[in-house]
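Structural features, examined
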Amino acid sequence: MKLIITNLLVLLSLGAYTQTGITPEDLKIIIGNWEGSITYLDYQTNRPFTMPANLIVNQGKDKNSLTLSHIYPNEPKANNSEKIKISRNGSLLNKNLVTSRKKLKNESIQIQTMHQGKDDDKTARIRYTYILGNALFLIRKEVQFNQTDDWIKRSEYSYTKKK
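Presented here is an overview of the structure given in this document. (Residues numbered from 1 in each chain as written. Predicted model: local features only at pLDDT ≥ 70, side-chain atom pairs only at ≥ 80, totals over all residues. Heavy atoms only, no water.)

Considerations on the overall build of the protein
Here is the rule: Only DSSP runs of H or I covering at least 4 residues are called helices, and only runs of E covering at least 2 are called strands; the numbering of each starts at the N terminus. The classification of residues rests on relative accessible area computed with a 1.4 Å probe and restricted to protein chains. Under 20% of the type maximum is buried, over 50% is exposed, and intermediate values are partly exposed. Any two residues whose heavy atoms approach within 4.5 Å at even a single point are treated as in contact.
Helix and strand counts for the protein come out as 2 helices and 10 strands. Counting from the amino terminus, the protein carries its helices and strands in the arrangement α-α-β-β-β-β-β-β-β-β-β-β. Split into buried and exposed, the 163 residues of the protein put 36% on the buried side. Pairs at least 24 apart in sequence give 35% of the contacts found in the protein among residues at least 6 apart.

Side note on the environment of Asp150
Relative to the helices and strands, Asp150 resides in the loop between strand S9 (136-145) and strand S10 (152-161). Taking the relative accessible area as the measure of exposure, Asp150 reaches 59% and is therefore exposed. When residues no more than four places from it in sequence are discounted, the contact partners of Asp150 are Val143 and Gln144.

Regarding the pattern of salt bridges
Condition: Salt bridges are identified by distance alone: a Lys or Arg side-chain nitrogen within 4 Å of an Asp or Glu carboxyl oxygen.
In this structure the tally under the stated criterion is 9 salt bridges. Two residues, Glu25 and Lys28, come together in a salt bridge whose shortest N-O distance is 3.3 Å. Here the residue Glu25 and the residue Lys28 both occupy positions in helix H2 (residues 24-28), the gap between them amounting to 3 residues, near one helical turn. With relative accessibility at 54%, the residue Glu25 sits in the exposed group. In this structure Lys28 comes out as partly exposed when scored by relative accessible area, which is 44%. Through salt bridges with shared partners, a single ionic network connects Asp119, Lys141 and Arg154.

A look at the sheet that holds S10
The test is simple: Strand pairing is assigned whenever DSSP identifies at least 2 bridges connecting the two strands.
Read across the open sheet, the 10 strands follow the order S4-S3-S2-S1-S10-S9-S8-S7-S6-S5; overall the sheet is antiparallel. Either end of the sheet is taken by a strand with one partner, and the two such strands are strand S4 (80-85) and strand S5 (92-93). Where strand S2 (residues 47-59) and strand S3 (residues 65-71) come together, 6 bridges link them in antiparallel fashion. When the bridges of S3 are listed, Val57 appears paired with Leu68.

Description of the nonpolar core
Note the threshold: Throughout this description, the term nonpolar core refers to a set of buried Ala, Val, Leu, Ile, Met, Phe, Trp, Tyr and Cys residues connected via side-chain atoms within 4.5 Å.
Counting residues in hydrophobic clusters, the biggest one holds 24 residues, and the most contacted among them are Leu68, Leu93, Ile111 and Phe137. Of all the secondary structure elements, the ones that give two or more residues to this core are strand S1 (32-42), S2, S3, strand S7 (109-119), strand S8 (122-132), S9 and S10. Broken down by element, the residue count for this core peaks at 4 residues, all from S2. When neighbours within four sequence positions are excluded, Leu68 is seen to be in contact with Leu55, Ile56, Val57, Asn80, Ser81, Glu82, Ile84, Phe137 and Ile139.

Overview of the packing of aromatic side chains
Using the following cut-off: Aromatic rings from Phe, Tyr and Trp, with only the six-membered ring used for Trp, were paired whenever their centres fell within 6.5 Å, and each pair was classed as stacked if the ring planes differed by under 30 degrees, edge-to-face if by over 60, and tilted otherwise. To sit over a ring, a charge needs its Lys NZ or Arg CZ within 6 Å of the ring centre and within 35 degrees of the ring normal.
One pass over the structure, following the stated rule, counts 6 aromatic pairs. Ring centres 6.2 Å apart and planes at 25° place the aromatic pair Phe137 and Tyr159 in the stacked group. Of the two residues, Phe137 is situated in strand S9 and Tyr159 in strand S10; the sequence distance between them amounts to 22 residues. In this structure Phe137 comes out as buried when scored by relative accessible area, which is 0%. When the ring centre of Phe145 is taken as reference, the NZ or CZ atom of Lys122 above it lies at 5.1 Å. In this structure, Arg127 packs its charged tip against the face of Trp151, placed 3.9 Å from the ring centre.

Concerning the environment of Ile29
Relative to the assigned elements, Ile29 resides in the loop between H2 and S1. With 108 residues separating them along the chain, Ile29 and Phe137 place their C-alpha atoms 9.3 Å apart. With residues near it in sequence (within four places) discarded, Ile29 still touches Trp34, Leu132, Gly133, Asn134 and Lys161.

By themselves, these figures tell us nothing about what the structure is for.
Structure below.
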(Lines give C-alpha, C1' and ligand atoms only; values in the text may rest on other atoms or scores of the structure.)
Protein backbone atom coordinates (compact mmCIF):
# COMPACT_ATOMS: atom_id res chain seq x y z
CA MET A 1 0.00 0.00 0.00
CA LYS A 2 2.84 2.41 0.86
CA LEU A 3 4.39 1.72 -2.53
CA ILE A 4 1.14 2.57 -4.34
CA ILE A 5 0.74 5.84 -2.43
CA THR A 6 4.40 6.76 -3.03
CA ASN A 7 4.07 6.06 -6.77
CA LEU A 8 0.83 8.06 -6.92
CA LEU A 9 2.48 11.04 -5.19
CA VAL A 10 5.44 10.89 -7.58
CA LEU A 11 3.11 10.81 -10.60
CA LEU A 12 1.06 13.71 -9.28
CA SER A 13 4.17 15.79 -8.62
CA LEU A 14 5.48 15.05 -12.12
CA GLY A 15 2.16 16.17 -13.57
CA ALA A 16 2.35 19.43 -11.64
CA TYR A 17 5.96 19.88 -12.70
CA THR A 18 5.21 19.55 -16.41
CA GLN A 19 2.40 22.09 -16.19
CA THR A 20 4.88 24.80 -15.23
CA GLY A 21 7.32 23.94 -18.01
CA ILE A 22 7.56 26.08 -21.12
CA THR A 23 8.38 25.20 -24.73
CA PRO A 24 9.98 26.92 -27.71
CA GLU A 25 6.45 27.21 -29.14
CA ASP A 26 5.52 29.46 -26.20
CA LEU A 27 8.26 31.91 -27.20
CA LYS A 28 7.65 31.97 -30.97
CA ILE A 29 4.59 34.18 -30.55
CA ILE A 30 6.74 37.21 -29.68
CA ILE A 31 9.05 37.11 -32.71
CA GLY A 32 8.67 40.43 -34.56
CA ASN A 33 8.74 44.19 -34.03
CA TRP A 34 7.16 45.82 -30.99
CA GLU A 35 6.62 49.36 -29.72
CA GLY A 36 5.77 50.56 -26.26
CA SER A 37 7.42 51.80 -23.10
CA ILE A 38 9.43 50.93 -20.05
CA THR A 39 8.40 52.13 -16.61
CA TYR A 40 10.85 51.67 -13.79
CA LEU A 41 11.05 52.70 -10.17
CA ASP A 42 13.73 55.34 -9.68
CA TYR A 43 15.16 54.53 -6.26
CA GLN A 44 16.61 58.07 -5.97
CA THR A 45 13.18 59.71 -6.10
CA ASN A 46 11.10 56.63 -5.21
CA ARG A 47 8.86 57.48 -8.18
CA PRO A 48 8.14 55.62 -11.40
CA PHE A 49 9.69 56.93 -14.61
CA THR A 50 8.34 56.04 -18.06
CA MET A 51 10.00 56.42 -21.44
CA PRO A 52 9.34 55.08 -24.96
CA ALA A 53 10.87 51.73 -25.83
CA ASN A 54 10.82 49.60 -28.96
CA LEU A 55 11.82 45.99 -29.32
CA ILE A 56 12.91 43.67 -32.11
CA VAL A 57 12.66 39.96 -31.29
CA ASN A 58 14.49 37.44 -33.49
CA GLN A 59 14.98 33.70 -33.30
CA GLY A 60 18.24 32.91 -31.49
CA LYS A 61 20.92 30.40 -32.43
CA ASP A 62 18.63 27.47 -31.57
CA LYS A 63 14.93 26.79 -31.01
CA ASN A 64 15.25 27.45 -27.25
CA SER A 65 16.51 31.03 -27.51
CA LEU A 66 15.45 34.44 -28.76
CA THR A 67 17.42 37.66 -29.17
CA LEU A 68 15.78 40.85 -27.90
CA SER A 69 17.10 44.17 -29.23
CA HIS A 70 15.92 47.02 -27.00
CA ILE A 71 15.70 50.43 -28.70
CA TYR A 72 15.10 53.61 -26.70
CA PRO A 73 14.19 56.45 -29.13
CA ASN A 74 14.89 59.19 -26.57
CA GLU A 75 18.05 57.55 -25.17
CA PRO A 76 19.91 55.73 -27.97
CA LYS A 77 23.01 55.24 -25.79
CA ALA A 78 20.91 52.91 -23.64
CA ASN A 79 20.07 50.59 -26.58
CA ASN A 80 21.06 46.99 -25.84
CA SER A 81 20.46 43.36 -26.66
CA GLU A 82 19.77 40.35 -24.51
CA LYS A 83 18.74 36.75 -24.93
CA ILE A 84 15.78 34.80 -23.65
CA LYS A 85 16.70 31.15 -23.29
CA ILE A 86 14.74 28.21 -21.97
CA SER A 87 16.31 25.03 -20.64
CA ARG A 88 15.88 21.82 -22.60
CA ASN A 89 13.27 20.51 -20.20
CA GLY A 90 11.45 23.88 -20.01
CA SER A 91 11.82 24.28 -16.25
CA LEU A 92 14.14 27.30 -16.47
CA LEU A 93 13.87 30.63 -18.29
CA ASN A 94 17.13 32.61 -18.34
CA LYS A 95 18.41 30.15 -15.71
CA ASN A 96 15.56 31.09 -13.36
CA LEU A 97 12.99 28.56 -12.11
CA VAL A 98 9.65 28.73 -13.92
CA THR A 99 7.11 28.82 -11.09
CA SER A 100 3.95 29.10 -13.18
CA ARG A 101 2.64 28.99 -16.74
CA LYS A 102 -0.96 29.99 -17.43
CA LYS A 103 -2.96 30.30 -20.59
CA LEU A 104 -4.95 33.55 -20.36
CA LYS A 105 -8.42 34.19 -21.80
CA ASN A 106 -7.06 36.17 -24.74
CA GLU A 107 -4.86 33.20 -25.80
CA SER A 108 -1.80 34.89 -24.30
CA ILE A 109 0.53 32.94 -22.02
CA GLN A 110 1.67 34.20 -18.63
CA ILE A 111 4.96 32.81 -17.32
CA GLN A 112 6.49 33.59 -13.94
CA THR A 113 10.01 32.91 -12.73
CA MET A 114 11.58 33.39 -9.33
CA HIS A 115 15.12 33.52 -8.00
CA GLN A 116 17.30 35.01 -5.27
CA GLY A 117 19.46 37.91 -6.34
CA LYS A 118 20.40 41.52 -5.67
CA ASP A 119 18.57 44.73 -6.46
CA ASP A 120 19.87 48.15 -5.44
CA ASP A 121 22.80 46.24 -3.85
CA LYS A 122 20.40 44.47 -1.47
CA THR A 123 19.59 40.77 -1.32
CA ALA A 124 16.09 40.13 -2.62
CA ARG A 125 13.75 37.58 -4.07
CA ILE A 126 13.17 38.54 -7.71
CA ARG A 127 10.05 37.60 -9.66
CA TYR A 128 9.65 38.09 -13.39
CA THR A 129 6.26 37.93 -15.07
CA TYR A 130 6.12 37.53 -18.84
CA ILE A 131 2.91 37.89 -20.82
CA LEU A 132 3.37 36.61 -24.36
CA GLY A 133 0.62 37.25 -26.90
CA ASN A 134 -0.14 38.07 -30.50
CA ALA A 135 -0.70 41.75 -29.72
CA LEU A 136 0.85 42.25 -26.25
CA PHE A 137 4.27 41.46 -24.79
CA LEU A 138 4.99 42.41 -21.19
CA ILE A 139 7.97 41.83 -18.91
CA ARG A 140 7.50 42.85 -15.27
CA LYS A 141 10.24 42.65 -12.64
CA GLU A 142 9.20 42.68 -9.00
CA VAL A 143 11.47 42.49 -5.96
CA GLN A 144 10.90 41.47 -2.38
CA PHE A 145 13.71 42.59 -0.13
CA ASN A 146 14.77 40.30 2.70
CA GLN A 147 12.73 40.59 5.88
CA THR A 148 9.77 42.25 4.13
CA ASP A 149 6.50 40.81 2.87
CA ASP A 150 5.94 43.53 0.28
CA TRP A 151 6.68 43.17 -3.42
CA ILE A 152 7.88 46.28 -5.27
CA LYS A 153 7.33 46.69 -9.00
CA ARG A 154 10.86 47.51 -10.11
CA SER A 155 10.27 47.73 -13.86
CA GLU A 156 7.79 46.90 -16.58
CA TYR A 157 8.23 46.73 -20.32
CA SER A 158 4.89 46.89 -22.10
CA TYR A 159 4.75 46.45 -25.87
CA THR A 160 2.18 46.16 -28.64
CA LYS A 161 3.05 44.45 -31.90
CA LYS A 162 3.76 46.69 -34.89
CA LYS A 163 1.58 45.99 -37.90
